[in-house]
Amino acid sequence: MMYNTSAGIVPGKINVHLVPHSHDDVGWLKTVDQYYVGSNNSIQVACVQNVLDSLIPALVADKNRKFIYVEQAITHGFFALLSFDFLLEINGGMCMHDEAAPHYIDMIDQTTLGHRYIKEQFNVTPRIGWQIDPFGHSAVQAYLLSAEVGFDFLFFARIDYQDRAKRINEKTLEVVWRASKSLGSSAQIMTGISPKNYEPPSDNFYFEVGDTSPIVQDDMNLFDYNVPERVNDFVSAAIAQANITRTNHIMWTMGTDFKYQYAHTWFRQMDKFIHYVNQDGRVNALYSTPSMYIDAKYAANESWPLKTDDFFPYADRENAYWTGYFTSRPALKGYVRTMSAYYLAARQLEFFKGRNEVGLSTDSLADALALVQHHDAVSGTEKQHVADDYAKRLSIGYTEAEKCPLLNISYCPPSEVDLSSGKSLVVVVYNPLGWKREDIIRIPVINENVTVKDSKGKVIESQLLPLLKDSMSLRNSYSTAYLGKSTNVTPSYWLAFSASVPPLGFNTYIISSAKQAGYESSHSGMRTVYKSQISQNDTIEVGPGNLKLLYSGKRAKLMRYINSKTSVNKLLEQSYIYYRGDDGSKDLQPSGAYIFRPNGTYPIEPEGQLSFTILRGPLLDEVHQRINPWIYQVTRVYKGKDHAEIEFTVGPIPIDDGIGKEVVTQITSNMISNKTFYTDSSGRDFIERIRDYRKDWNLEVNQPIAGNYYPVNLGIYMKDNSSELSILVDRSVGGSSIADGQLELMLHRRLVADDNRGVSEALNETVCVFDKCEGLTIIGKYYLRIDPVGEAAKWRRSFGQEIYSPFLLAFTEQDGDHWANSHLATYSAMDTTYVLPDNVALITLQELDSGKVLLRLAHLYEIEEDTDLSVMSSVELKKISKVTEMNLSANQERAVMEKKRLVWRVEGSSKEQPTAVRGSPVDPAKLVVELAPMEIRTFVIEFYSERGSFSDALYRRSNLRRKATFSLP
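Report on the accompanying structure. (Residues numbered from 1 in each chain as written. Predicted model: local features only at pLDDT ≥ 70, side-chain atom pairs only at ≥ 80, totals over all residues. Heavy atoms only, no water.)

Next up on the list: the pattern of salt bridges. Inspection of every chain in the model, using the stated rule, returns 51 salt bridges. We note a salt bridge from Lys307 to Asp696, for which the minimum N-O separation is 2.4 Å. With Lys307 in strand 9 (residues 306-307) and Asp696 in the loop between strand 32 (686-690) and strand 33 (710-712), this residue pair connects regions lying 389 residues apart in the sequence. Among the ionic contacts, a cluster of salt bridges with common partners joins Asp163, Arg167, Lys307, Asp309, Lys695 and Asp696. (Salt bridge = Lys/Arg side-chain N within 4 Å of Asp/Glu carboxyl O. Helix = DSSP H or I, 4+ residues; strand = E, 2+ residues; numbered from the N terminus.)

Looking at the secondary structure, you find Glu765 in the loop between strand 37 (742-750) and strand 38 (766-769). Among the polar contacts made by the side chain of Glu765, one reaches the side chain of Arg329 at a distance of 3.3 Å. With sequence-adjacent residues up to four places away left out, Glu765 is seen in contact with Arg329, Pro330, Gln384, Arg750, Glu774, Gly775 and Leu776. (Polar contact = N/O pair within 3.5 Å; in protein donor to acceptor, adjacent residues only side chain to side chain. Contact = heavy atoms within 4.5 Å.)

What follows deals with the nonpolar core. If you look at the biggest cluster of nonpolar residues, it comprises 170 residues, and the most contacted ones within it are Phe234, Trp252 and Phe267. Looking at this core element by element, the count peaks at eleven residues for helix 9 (residues 330-353). Apart from residues no more than four positions distant in its own chain, Phe234 is found in contact with Val16, Leu18, Phe205, Trp252, Phe273, Val277, Val283 and Ala285. Counting residues in each nonpolar core, the second largest holds 40 residues, with Val140, Ala142, Leu344 and Ile687 among its members. (Core = buried A, V, L, I, M, F, W, Y, C linked by side-chain atoms within 4.5 Å. Buried < 20%, exposed > 50% of the residue type's maximum accessible area, 1.4 Å probe, protein only.)

Time to look at the sheet that holds strand 9. The strand order across the open sheet formed by five strands is 2-3-5-4-9, and the pairing between neighbours is mixed. In the strand order of this sheet, the two ends are held by strand 2 (128-131) and strand 9, each with one partner. Where strand 3 (residues 153-156) lies against strand 5 (residues 189-193), four bridges are found, and the strand directions are parallel. By the bridge assignment, Phe156 is partnered in strand 5 with Ile193. (Pairing = 2+ DSSP bridges.)

Residue placement: Gly505 occurs in strand 18 (residues 505-513). Here Gly505 falls in the buried class, since its relative accessible area comes to 0%. For the pair Gly505 and Leu468, spaced 37 residues apart in the sequence, the C-alpha separation amounts to 33 Å.

Turning next to the environment of Val140. Tracing the backbone through its elements, the reader meets Val140 in helix 4 (residues 139-147). Given a relative accessible area of 0%, Val140 falls into the buried group. Along the sequence, Val140 and Gly683 sit 543 residues apart, while their C-alpha atoms lie 8.7 Å from each other. Those residues in contact with Val140 that lie beyond four places of it in its chain are Tyr104, Met107, Leu145, Ser681, Ser682, Arg684 and Asp685.

This part is about the sheet that holds strand 44 (residues 853-859). Pairing in this open sheet of four strands is antiparallel, and the strands run 43-44-49-46 from one edge to the other. Of all strands in the sheet, those bounded by a partner on one side alone are strand 43 (840-847) and strand 46 (880-886). Across the sheet, the mean angle separating the axes of adjacent strands is 25° when strand polarity is ignored. Bridge count between strand 43 and strand 44: seven bridges; the pairing is antiparallel. Along strand 44, the bridge assignment pairs Ala841 with Ala858. On top of the sheet, helix 3 (residues 104-122) reaches strand 43, strand 44 and strand 49 (936-943); it is set at about 150° to strand 44, its chief contact. (Axes fitted to C-alpha atoms, helices over the stretch in contact; angles between N-to-C directions.)

Right, dumping it as structure tokens:
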């Protein structure tokens, strides 16, 4: 029988837009490749090849049928020979990225990779955001990764169950989301929230082979004819949804995870529904896409409620807050952040050298980084073997250009050479930031008889610190576990020295034997061997510069923070606790990879005699504390810095007692914070948080700890009338303020139960060396500073950039001065008279396959965040033949995007929305880029035959090739 599926929109009726889709994770229970080919089906029967192979004949069979597909990374270019543009109209990134754990630069990069691929291959520009599965939604997703890429609408499914109930009752599931207070209505996005999830409206409408929903049996010659009953089911579901939705248009998401492996089973039933429902006439059913749906909504000329801030945290039911994954798999989260920083710098170096003229490429690292932004990847919510697969892909991309992946656990063979034979170690330090910076570099060396010279041959001050037995043991275990070998050379010290590097440039330092350099060990003015101090004095002062930390020697505890430069003098304590992970014995809701469900708070106190050692030197002081057998901490205070650096080693977390543990550090002051604190949105805007409060509904508090946790990518801070206490992090973690005057970060989690959200595996990461397996140990850092109120943003923003983009080190050996005499010792891609403004960062400098260059500049400050720096800024470009401003994902010109984007009406607002301040279009004669607070501007640049850039900034490529052969090994 032929079915009439040609229905379009019918005015005056409820129009049910059937949107067929398959949500195909690029890794979760199986790896991305296993999902594609359909292997490892003992875990999950899922094969993307089957979806794609069966989908195309089904679409060809009826031109009225529709389908949408999101994850470009898993299609392997399957659609290259197709003409179904509607397949690719949504999202368009390489994956459906998470919104809590990724940094905004990674979100931009993976979206750009997918958008430019679709544009180049199919000439398609996605216009719909489709974030249906991430576990909470960030402000950055709304205004940057939706509005600024040119989307007209953003769909998602997961919001707090209390929020959803209120929105259903008030018919506010569709809103205008104005997520940026800086960019305002110029970056708002119309947003639709599913009334249930991203699946069909009820259990009556699933049609995969093996599903149990009743089919439409329309053959009257057979038993079980049920057309009237099934039409009534459809109409009832449609009316129910229409009663909670504005306008006469509703959308049904017809599909879910890895469906349409036999597409005809779905389309056959939908064909019948459209045919018979429209014959019935009470409602109108049609094949549709999100674009068709939102165009119909827009044509209704409705005014919509306004939403600000974000949609964190997310709970799907009582006692089930999805806030544990903010910290889950902290080692993977740290690895992703390290690789992200490396990728940013490597693209710059690739541009300077010339993309088409080198053998190595950043492409595989780009692909791996894009993949790991997936909402079941960097989130830490995948099975262990899948997490291993993501890490392997990152490693493959990384090691094409970098041989030292274990520097953070002191395993770096190039720096551990024996210098007694007359060799020297050359350290090339690259600065990927657009301003000059100085920082302390620490590298492992095998003996103390070393000296450091700068690029001019001048001996500079250095300091030796012991490489501790615990660190050595960890180094040997993990190098064996991950590299299959350990080194027979054992370093004894950290060598610390201060490196000063120009913007977008490098400087060279030579490490050699002190005797070879003519300096005997008595020349301690140039290098200082550590001095240990163990004291039982009541007060111990630590810090060689303006910042002093005061400790109690008797209690081995931090007591006070004093900065003589800023006149800050505050009580300050730091401690560790663990939350006992609930095992689910009461209501089947344990703590797990997704869910944070604490069942008791337990302080972690030192066991036995206090371990408290102070190492002093001219560059930095260190405080070493053995907190307990599985937590070690080093606090560093630098001479030229006004913050403290805390390095923690946590693990293996013991679970021999059958209790899962979630390890937290708490920073406690006497500040009066009034339940208020601030966390960043994906490393960008800071959002006000109030304990036990939600702006959009009256919160029913059932989890006073987990329900107040938020994702932290850049930092967290609190303030009172006199001061601000800020903490910045080196990776995504969960954080909160559970008590006034106190901030806390969750550093590590090891649990014994699965949280019943599909993974079917406890979050119990282990590392095996030969036959011995033990829980994962992680090393990480956070940074702490107290400022007078109103003066902290400068540090958060500028040092936050330095954390994200650390120095990049390259090593080589030389005999005598051979290397130094044949290589450029120092270099900057920027004119010596110019640096980027303090409030602007260069976040992308990348040569494209076409030979053109992708350039992104970001204003780092929000409006009213800083008196001096929350202002319009400008960057001058020179020696450029053509500059074209693009949308954020660089797949269309910005001017074109702005002309065609839909402008949605907001309830209670006048027709004319207030206009946010934006930088003016770039005058091709003046080439000055203006950036307003929080603005990111993206350009495709073409150069004259000899390149130039920011105020004669980017050094001509020909000169760079002639004068420098700097490259990573």
